[in-house]
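# Fold and contact review
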Amino acid sequence: MTVRTILPFGDPLLRKKCKPITEMTPRILTMLGDLKETLYADRGRAGLAAPQIGLLRRAVVLDVGEGYWELINPEIVDADGEQEGMEGCLSYPGYYGLVKRFERIKVRMMNCQLEEVIVEANGFLATCMQHELDHLDGVLFIDRMVSDYLVHESSHARISLLKVIELANQNVCHLK
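Now for a look at the structure at hand. None of the values given here were measured: they were computed from a predicted structure.

Right, let's get into helix 2 (residues 123-135). Along its 13 residues, helix 2 runs 19 Å from first to last C-alpha, staying within 8% of the 18 Å computed at 1.5 Å per residue. Residues of helix 2 that are buried include every one of Gly123, Leu125, Ala126, Thr127, Cys128, Met129, Gln130, His131, Glu132, Leu133, Asp134 and His135, and no others.

We describe a pair of aromatic rings using the distance from one ring centre to the other and the angle between the two ring planes. Per the counting criterion, the structure on display carries three aromatic pairs. For the pair Phe9 and Tyr92, a centre-to-centre distance of 5.1 Å together with 25° between the ring planes defines the contact as stacked. Of this pair, Phe9 sits in the segment before helix 1 (26-39) while Tyr92 is found in strand 5 (residues 92-101), placing the two residues 83 residues apart along the sequence. Classification of Tyr92 as buried rests on a relative accessible area of 2%. The interplanar angle of 90° and the centroid separation of 5.2 Å between the aromatic rings of Tyr92 and Phe141 together place this pair among those described as edge-to-face. Here Tyr92 is found in strand 5, whereas its partner Phe141 is found in the loop between helix 2 and strand 8 (149-152), with 49 residues between them in sequence.

Let's shift gears to the side chain of Asp134. Structurally, the position occupied by Asp134 is in helix 2. Relative accessible area serves as the criterion here: at 10%, Asp134 is assigned to the buried category. Excluding its chain neighbours within four sequence positions, the residues that come into contact with Asp134 are Arg101, Val139 and Arg144.

All right, on to unusual backbone geometry then. Even without being glycine, Asn73 reaches a positive phi, approximately 50°. Mapping Asn73 onto the fold places it in strand 3 (residues 69-80). One non-glycine residue, Leu114, adopts positive backbone phi at about 60°. One can find Leu114 in the loop between strand 6 (104-110) and strand 7 (116-122). What makes Leu114 partly exposed here is its relative accessible area of 22%.

Let us look at the pattern of salt bridges. Inspection of the entire model under this criterion finds 13 salt bridges. Asp42 is the salt-bridge partner of Arg45, the closest N and O atoms lying 3.0 Å from each other. The buried category is assigned to Arg45, whose relative accessible area is 18%. Here Asp42 falls in the partly exposed class, since its relative accessible area comes to 44%. The shortest N-O distance in the salt bridge between Glu82 and Lys100 comes to 3.7 Å. With a gap of 18 residues between them, Glu82 in the loop between strand 3 and strand 4 (83-89) and Lys100 in strand 5 connect regions that are remote in the sequence. Look at Glu82 and you get exposed, because its relative accessible area is 57%. Three or more residues joined by partner-sharing salt bridges are found here, namely Glu87, Arg101, Asp134 and Arg144.

With that settled, the discussion passes to the sheet that holds strand 5. The four strands lie next to each other as 4-5-8-9, forming an open sheet whose pairing is antiparallel. Looking at the sheet topology across the chains shown, the edges are occupied by strand 4 and strand 9 (158-160). Neighbour-to-neighbour, the strand axes of this sheet turn through a mean angle of 30°, independent of strand direction. In the sheet, strand 8 pairs with strand 9 via three bridges, with the strands oriented antiparallel. Pairing of Tyr149 across the sheet is with Ser160, part of strand 9. The sheet contacts of helix 2 involve strand 4 and strand 5, and relative to strand 4 the element is tilted by about 55°.

Cut-off values and rules
- Residues numbered from 1 in each chain as written.
- Predicted model: local features only at pLDDT ≥ 70, side-chain atom pairs only at ≥ 80, totals over all residues.
- Heavy atoms only, no water.
- Helix = DSSP H or I, 4+ residues; strand = E, 2+ residues; numbered from the N terminus.
- Expected span 1.5 Å × (residues − 1).
- Buried < 20%, exposed > 50% of the residue type's maximum accessible area, 1.4 Å probe, protein only.
- Phe/Tyr/Trp six-rings, centres within 6.5 Å; stacked < 30°, edge-to-face > 60°.
- Contact = heavy atoms within 4.5 Å.
- Salt bridge = Lys/Arg side-chain N within 4 Å of Asp/Glu carboxyl O.
- Pairing = 2+ DSSP bridges.
- Axes fitted to C-alpha atoms, helices over the stretch in contact; angles between N-to-C directions.

Written out as structure tokens, the structure reads:
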């Protein structure tokens, strides 16, 4: 398995809708392995979606400290409650924004044998699942922010969300 490069914001692939996985091929197994290797390549990573490594397939990997998850063709089938929190994204390294999400979700997905599984999640796991599932539809956390700026993790500098969107539309793949 290979640690893959994570696409930065502004890359047009991050805005594409992913295709479902219909059979477990060697290529899909390799993709899942690459997602796992890339997720664990650095400490502190909680989730990664296939489009973030340039693959337009409906697959996500997660580990929020409660064990490793592979979600194939996941979809939220029920949700309730509300929570707000700071979110970051591996495609926006070092920047965070305030996002509103559901507190509790129910997700229908497939396991590696392509058997249907239903899971329920709340709190941080629910937030992470929603964040990564959004990637499968070309939705980024900046699209769901309730504040109008991102915050840099170390300097605490703010960058206007409008400036971020402008840079992404110009396909500039770094924040200034």
